[in-house]
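Chain and residue survey
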Amino acid sequence: MRIEIFPDLQALSRKAASYIVEEARASRDRPFTLALSGGSTPREAYRSLADPSFSSLMPWKRTHIFWVDERMVSPTDCDSNYGMVRNLLVSHISVPPENVHPFAGDLPSPEEAAARYEVELKEFFQLGRGQFPEFNLVLLGMGEDGHTASLFPSSKALLETRRLAVPAHSEKPPHSRLTLTLPVLNMAKKIIFLVTGKEKAYTVKRVLKDPREASPLPAGLIQPSLGRVLWLLDEEAASQLRPVRGI
Ligand code: 6PG
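A brief report on the enclosed structure follows.

Cut-offs and rules
Residues numbered from 1 in each chain as written. Predicted model: local features only at pLDDT ≥ 70, side-chain atom pairs only at ≥ 80, totals over all residues. Heavy atoms only, no water. Pairing = 2+ DSSP bridges. Helix = DSSP H or I, 4+ residues; strand = E, 2+ residues; numbered from the N terminus. Contact = heavy atoms within 4.5 Å. Axes fitted to C-alpha atoms, helices over the stretch in contact; angles between N-to-C directions. Near = heavy atom within 4 Å. Polar contact = N/O pair within 3.5 Å; in protein donor to acceptor, adjacent residues only side chain to side chain. 1 Å grid on protein atoms, 1.4 Å probe; cavity = no way out; pocket = protein on both sides within 12 Å on 5 of 7 lines; lining within 4 Å. Sits in = over half its atoms within 2 Å of the grid points. Nonpolar A, V, L, I, M, F, W, Y, C, P; charged D, E, K, R; others polar. Salt bridge = Lys/Arg side-chain N within 4 Å of Asp/Glu carboxyl O. Points joined across faces, edges and corners; volume = space filled by probe spheres on them. Core = buried A, V, L, I, M, F, W, Y, C linked by side-chain atoms within 4.5 Å. Buried < 20%, exposed > 50% of the residue type's maximum accessible area, 1.4 Å probe, protein only.

This part covers the sheet that holds strand 3 (residues 63-67). Judged by pairing direction, the sheet is parallel, and its 7 strands sit side by side in the order 1-10-9-6-2-3-5 without closing on themselves. Each having just a single partner strand, strand 1 (2-6) and strand 5 (100-101) make up the two edges of the open sheet. Strand direction decides the pairing type here: strand 9 (residues 190-195) and strand 10 (residues 228-234), joined by 6 bridges, are parallel. Looking at the pairing, Phe193 lines up with Trp231 of strand 10. On the sheet, helix 5 (residues 110-124) packs against strand 2 (32-36), strand 3 and strand 5 and is oriented at approximately 155 degrees with respect to strand 3.

As structure tokens, then:
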């Protein structure tokens, strides 16, 4: 696990975009599979990746975009993770439409939407029974409570060991969510966390410094068996990781 600290969101986001390009170009895989999170932190990284200085370097024809999680809302809803990525990234790049794989957040039931996404993953990755997809790169955020994706502390979704995608409940609206499960995330070849803000500094410290805590936080359970984990933090989110200078 590696940690990189940046002065601000802008610098962090440009580095995230450059890592996505680096991973895509270095991957031998046909296709390059990328799973993106929602929320607010990664927005700037998606804008950076859509900028020609980065997007012109991406092998979009062989890149497939998936989502880490979604809210049970229509794609045009301002809370839609698909809608956010479409507006900031997908509508500005030359990725073939068939390479974009959103959750169907507008289906009548989250169970049906999760089951449909599982079928799509199984077909795309040609998975056999009990197999999990190996994404080339997964972008994750982390909430103040230590959740990641839509895997919230003490949630049923966090305990799922067989299914690839499940419904989830968020205390914050929209309450009904869909999420990839822990076994899927932990099969990724590379995971990049994007975390900023002073309000997350204590949780960052707990996850990164006290991982053996009795009840590890969901973000602390992201320990890919073979994959590498990189944490991109701004100074504020990293502020409890280092001894306080000057006293
Ligand atoms: C979502 C995200 C979620 C997010 C964290 C952090 O659908 O909201 O996937 O898991 O990564 O809540 O959100 P911020 O980056 O907005 O703090």
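After that view of the structure, there is still more to cover.
Contacts to the ligand come from 14 residues, most closely from Ser40, Thr41, His147, Ala149 and Lys200. At a separation of 3.2 Å, an oxygen atom of the ligand approaches a polar backbone atom of Gly38. Within the contact set of the ligand, an oxygen atom lies 2.7 Å away from a side-chain nitrogen or oxygen of Asp69. Counting atoms within 2 Å of the grid points, the majority share of the ligand lands in the largest pocket. In the shell around the ligand, the residues fall into 2 nonpolar, 8 polar and 4 charged.

All chains considered together, the criterion is met by 8 salt bridges. The partner of Glu44 in a salt bridge is Arg47, and the shortest N-O contact between them spans 3.0 Å. One end of the pair is Glu44 and the other is Arg47, both in helix 2 (residues 43-50) and 3 residues apart, which spans about a single turn. Several salt bridges share partner residues, and in doing so they unite Glu23, Lys190 and Arg228 into one network.

Approximately 810 Å³ is the volume found for the largest pocket. Lining the largest pocket are 35 residues, with Gly39, Arg71, Gly143, His147 and Arg177 sitting closest to its centre. Listed by contribution, the elements that provide at least two residues to the lining of the largest pocket are strand 4 (69-71) and helix 4 (81-88). Classifying every residue of the lining of the largest pocket gives 9 nonpolar, 15 polar and 11 charged.

Moving on, we come to the nonpolar core. Looking at soluble globular proteins, one finds that nonpolar side chains tend to be buried together. Ranked by size, the top nonpolar core spans 82 residues in total, and within it Leu89 and Trp231 carry the most contacts. If one sorts the elements of this core by residue count, helix 1 (residues 9-26) sits on top with 7 residues. Not counting residues within four places of it along the chain, the set of residues in contact with Leu89 comprises Leu36, Tyr46, Leu49, Ala50, Trp60 and Ile65.

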